[in-house]
Amino acid sequence: MNELVTNSPLVFYVNGKRISIANPDPEDLLVHFLRENLHLTGTKIGCSEGGCGACTVMISKINRETGKIHHFAAISCLTPLCAMHGAAVTTVEGIGSIKNKLHPVQERLAKAHGLQCGFCTPGIVMSMYALLRNSDEKPSMKDLEKAFQGNLCRCTGYRPIIEGYRTFTKDFSEGKFKNQCPMGEKCCKNQLGNKLFDENEFEKYENQGQEVIFPPGLKNNNDLDTEFLLFKGPRVEWYRPVTLKQLKSIKEKFPFAKIIAGNTEIGLEMQKNLKKYQILINVEHISELKSIKKSSEGLKIGANVTLSSLEAILSTEIDENPTSTRLFKAIRDMLHWFSGAQVRNVATVVGNIVTASPISDLNPILLAAGVKLEIFNPKSNKTMVVEMNSSFFTGYRKTILAENDVVLSFFLPFNNKNQHFRAYKQSKRRDDDIAIVNLAINVELKDNSKEISSVKVAKKLNFKWNNDFLEAIIAKLSNYFNENLKNDAPGGETQYRKTLVLSLFYQGFLSILKEIDGEVLPRELIDLYEGQIPQSSQLFEKPDENQAKNDPIGRPEVTISAFKCTTGEAIYTDDIPSFKNELHMALLFSEKAHAKILKINPDKALKLEGVEAFFSAENLTEEQNKYTLVLDDERVFKDNVAECNGQVLGAIVAKSRKLAQEAVKLVEVEYEELEAIVTLEEAIERESFYPNFPIKLENGDVEALENDPKIMKFEGTFRTGKQEHFYIEPQSVIVVPKIFI
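Residues numbered from 1 in each chain as written. Predicted model: local features only at pLDDT ≥ 70, side-chain atom pairs only at ≥ 80, totals over all residues. Heavy atoms only, no water.

**Re the overall build of the protein chain**
Across its full length, the protein chain carries 23 helices and 27 strands. Over its C-alpha atoms the protein chain spans a radius of gyration of 29 Å, differing by no more than 12% from the 27 Å that the globule rule assigns to 741 residues. Projected onto the principal axes, the alpha-carbon positions of the protein chain cover approximately 80 × 70 × 65 Å. Counting the 741 residues in the protein chain, one finds 46% classified as buried. Here the analysis covers contacts within the protein chain between residues at least 6 apart in sequence; of these, 69% occur between residues at least 24 apart. Counting only carbon and sulfur atoms, one obtains 50% of the accessible surface of the protein chain, whose full area is about 42,000 Å². Of the charged side chains in the protein chain, 92 are positive and 99 negative, and the gap between their average positions amounts to 5 Å. (Helix = DSSP H or I, 4+ residues; strand = E, 2+ residues; numbered from the N terminus. Rg over C-alpha atoms; globule rule 2.2 N^0.38 Å. Buried < 20%, exposed > 50% of the residue type's maximum accessible area, 1.4 Å probe, protein only. Contact = heavy atoms within 4.5 Å. Areas by Shrake-Rupley, 256 points an atom, 1.4 Å probe, with all protein chains shown as cover. Lys, Arg positive; Asp, Glu negative; His and termini not counted. Charge placed at Lys NZ, Arg CZ, Asp CG, Glu CD.)

So this is what it looks like as structure tokens:
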């Protein structure tokens, strides 16, 4: 390992400026460096788990073999700072500003009224910017849709965002959004409505000469790409080998070391669950792991090929030979729904495999296909091939792979003409969401007949692909899940998931049957959802000619903060620079839905250097602990009994945000669980009511209304379903103590 020692600094570029860090901490993330060290607060912190897109930046790298520069959107909240060595980062501040000039991407979003609170806006701007930068041609509306899969917005409903940004597309240039009403100029939209914006007033965009250039220091010198790196932090060591030999040597010495590529899984564990890994190995610059080799039997894909690259490769193969690439099509179609584009641009298939995630969209497909992995074991110094089959996953997040095994590649086979493949996913929302159920079917028929040669869910069955087979498989699946999927299984909703499995298999059965001989009635088969090009409009009454000039009705104006939001110059609470001696607070939440709080012990947390204090209800008087909105039933810190999961029990105060978040995890709480009431019916049955209820809110002559025969009266019951809250801007506050003399 002596030949791997290096003292090189971390070098990369941000908005064209060279950054050099002598001793970077491998635990640091790009988003925190941008915000806290460079004060580029346009890059926001939302979910901190790669799900909202508020932290989107553009990363640019050069392919040394082709000389082509690749620009792509990425989530900076999970991107390790050390992974930026030799890369160029562009943030929303780097493409335009109010003082100098707005970029057309910023201007069009603001003038199209594509924002309200503006917190998600910089991430949306950067997704659009990266899409334009990475292509010499105008994008299509489908390209636009894919680019925004990883960007959430809770205010606009997306309509004005799409309306503003579709002006960049070739679909818009070709006139596909012009009014197609047969009434022509007499269309009611022209007579009664006003356009929200005039696209002719937009600054013209030409992808030449107006962009931040790729740094010549990176383009003309490959030293930063070819040097081995070792960065040592207080708790973590970061290795970046550039050859397979170096990787094998590191894994031989540190068999427990974690290999990372996109860091979307390991980073999430470190960020959310505060897991510690002493050795991290970044394999991004090992050429063998990025190679793709085609043979007569299929494709051998390097372990570090990203999901976006794989999607492009499979699309090319599918276009050239659709018959033998049914497996490829199933994977390609599933990748479209796999997280957002910012994640697919950096994550890998092998990352999904080795972390053995139970919610992976790809692992069920790979299992059904019997995909083979090329594995190297440093201890035996041997390379072997392992098939992903029913024994590959041995438990929750466990596989048959040894701790020091290194996955070098995986093999995707071409299918024969009688082999059919289907894969399905059901999730709560269609884009960028984890699956409730995934299902994959791999069936091989004999000689173009319906007679089954093999099927991955049940081999060697003497059936044809007909209703008898369907009934047998449905019965087999039902029995299996009734025996193995218990009501307390992780994820819950077990009955719904059982039903989904049967429904998705029936869908696959019909789809394959239709492909065989077309005997399925169209109404019986619901093909995979394919979105249409978004068509939308917003109409409002034109101002009357006598309407006062200062009357805003019918005269939409761009909000005063719109341009600041699109340039990242709008300041939110969390963007305010830190004060001298500022302390950070992290809240302790109840982990039980209903339980007595027997004891709260913060001793382990308070032993950490830099942790200043712990507060709970014991530190406040009864009067100080009260706060109320409508009723006097809330407390700052809950004591005695926790009444819901997530109720605030206490708070840790420390010298840094990161330390406070780590320390609060060490606070020990002892509970005595009580029965949780989760439905209205249960509450009524147990007479569990809030005190001083019900409350009557009356205004006016209520009795007159009740006795008026002209008033129609209706009685009934109305219920609403649950709504999972996913706000983008974190709830935050800054308190500045003052001494009054």
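Further notes follow.
**Section: the packing of helix α12 (residues 307-320) against helix α13 (residues 326-336)**
Across the interface, α12 lies against α13 with an axial gap of 9 Å and an inter-helix angle of 140 degrees. As the angle between them shows, α12 and α13 are arranged oblique. The two elements α12 and α13 meet at a crossing, and its hand is left-handed. In contact with L307, L310, E311, L314, S315, E317 and I318 of α12, α13 contributes F328, K329, I331, R332, L335 and H336. By residue class, the composition of the contact of α12 with α13 is seven nonpolar, two polar and four charged. (Axes fitted to C-alpha atoms, helices over the stretch in contact; angles between N-to-C directions. Parallel < 35°, antiparallel > 145°, perpendicular 65-115°, else oblique. Left-handed = near helix turned anticlockwise from the far one by under 90°. Nonpolar A, V, L, I, M, F, W, Y, C, P; charged D, E, K, R; others polar.)

**What to know about the packing of aromatic side chains**
Applying the stated criterion across every chain yields a total of 15 aromatic pairs. Judged by centre distance (5.4 Å) and plane angle (45 degrees), the ring pair of F328 and F414 falls under tilted. Of this pair, F328 sits in helix α13 while F414 sits in the loop between β16 (406-413) and β17 (419-427), placing them 86 residues apart in sequence. Geometrically, the ring pair formed by F392 and F393 is edge-to-face, given 5.0 Å between the ring centres and 90 degrees between the ring planes. Residue class for F392 comes out buried when judged on its relative accessible area of 0%. Owing to a relative accessible area of 24%, F393 belongs among the partly exposed residues under this scheme. Clustering of aromatic rings is evident, with ring pairs tying together F148, Y165, F168 and Y205. (Phe/Tyr/Trp six-rings, centres within 6.5 Å; stacked < 30°, edge-to-face > 60°.)

**Details of the sheet that holds strand β25 (residues 641-642)**
Taken together, the three strands give an open sheet; going across it, the order is β25-β21-β27, and neighbouring strands pair in antiparallel fashion. Strands at the two margins of the open sheet, each flanked by one partner only, are β25 and β27 (668-673). As defined by bridge partners, strand β21 (residues 595-601) adjoins β25 across two bridges and the pair is classed as antiparallel. Bridging from a neighbouring strand, K596 pairs with V641 of β25. (Pairing = 2+ DSSP bridges.)

**Digging into the nonpolar core**
The biggest cluster of nonpolar side chains holds 62 residues, and the ones touching the most others in it are L310, I331, F410 and L412. Examining the composition of this core, we find that six residues originate from one element, α13, more than from any other. Setting aside residues no more than four positions away along its own chain, I331 makes contact with L310, L314, L362, I365, L366 and L412. Judged by nonpolar contacts, the second largest core, of 38 residues, contains M58, M141, Y205 and I728. (Core = buried A, V, L, I, M, F, W, Y, C linked by side-chain atoms within 4.5 Å.)

**Structural notes on the sheet that holds strand β4 (residues 69-75)**
Backbone-to-backbone hydrogen bonds pair the strands of a sheet. The strands run either parallel or antiparallel. Judged by pairing direction, the sheet is mixed, and its five strands sit side by side in the order β2-β1-β5-β3-β4 without closing on themselves. Of all strands in the sheet, those bounded by a partner on one side alone are β2 (17-21) and β4. Strand-to-strand, the axes of this sheet are offset by a mean angle of 30 degrees, without reference to chain direction. Contacting β3 (56-62), β4 and β5 (88-90), helix α3 (residues 121-133) crosses the sheet at an angle of about 25 degrees to β3.

**Some remarks on empty space enclosed by the protein**
Using the criterion set out here, one finds one cavity of 30 Å³ or more in the structure. Taken together, 15 residues make up the lining of the largest cavity; nearest its centre are A88, T90, V212, I213 and F214. The set of elements that each furnish at least two residues to the lining of the largest cavity consists of β1 (10-14), β3 and β5. (1 Å grid on protein atoms, 1.4 Å probe; cavity = no way out; pocket = protein on both sides within 12 Å on 5 of 7 lines; lining within 4 Å. Points joined across faces, edges and corners; volume = space filled by probe spheres on them.)

**Considering a nonpolar patch on the surface**
On the surface, a nonpolar cluster with roughly 420 Å² of combined accessible area is contributed by I571, I576, F579, I734 and V736. Owing to a relative accessible area of 38%, I576 belongs among the partly exposed residues under this scheme. (Patch = residues over 30% accessible without salt bridge, like charges linked within 9 Å, V, L, I, M, F, W, Y side chains within 5 Å. Salt bridge = Lys/Arg side-chain N within 4 Å of Asp/Glu carboxyl O.)

**Considerations on the pattern of salt bridges**
Using the criterion set out here, one finds 28 salt bridges in the structure. A salt bridge links R657 to E36, with the nearest nitrogen and oxygen atoms 3.5 Å apart. With R657 in helix α21 (residues 657-664) and E36 in helix α1 (residues 30-37), this residue pair connects regions lying 621 residues apart in the sequence. The exposure class of R657 is partly exposed, given its relative accessible area of 26%. Taking relative accessible area as the criterion, E36 reaches 45% and is therefore assigned partly exposed. Through salt bridges with shared partners, a single network forms among E27, R235, K276, K658 and E662.

**Comments concerning α21**
Looking at α21, one finds that the buried residues are L659, A660, E662, A663 and V664. Residues of α21 that are buried sit in contact with β20 (584-589), α20 (603-606), β22 (611-616) and β26 (648-654).

**Let's talk about the packing of helix α17 (residues 467-484) against helix α18 (residues 494-517)**
Look at α17 against α18: their axes get within 10 Å of each other, and the N-to-C directions meet at 160 degrees. With respect to α18, the element α17 is oriented roughly antiparallel. The two elements α17 and α18 cross, and the hand of that crossing is right-handed. The segment α17 lies against α18, with N467, F469, L470, I473, I474, L477, S478, F481 and N482 engaging K498, V501, L502, F505, Y506 and F509.

**Thoughts on the side chain of N352**
Position of N352 among the secondary structure elements: in helix α15 (residues 349-355). Judged by its relative accessible area of 12%, N352 falls in the buried class. Once residues within four sequence positions are removed from consideration, N352 is found in contact with F338, S357, S360, D361 and N363.

**Observations regarding the pairing of β4**
The buried count for β4 comes to five of seven residues, which makes it a mostly enclosed element. Here β3 runs beside β4; their pairing, made up of seven bridges, is antiparallel. Looking at β4, one finds that I62 is bridged to I69.

**Concerning the environment of P691**
Tracing the backbone shows P691 in the loop between α22 (680-685) and α23 (702-707). We classify P691 as exposed; its relative accessible area is 61%. In sequence terms P691 and T167 are 524 residues apart; their C-alpha atoms lie 57 Å from each other.

**Things to note about unusual backbone geometry**
If you check the backbone angles, S339 has positive phi at about 50 degrees while not being a glycine. You can see S339 is positioned in the loop between α13 and α14 (341-344). In this structure, N581 is a non-glycine residue whose phi angle is positive, near 65 degrees. With respect to the helices, strands and loops of the structure, N581 is situated in the loop between α19 (562-567) and β20.

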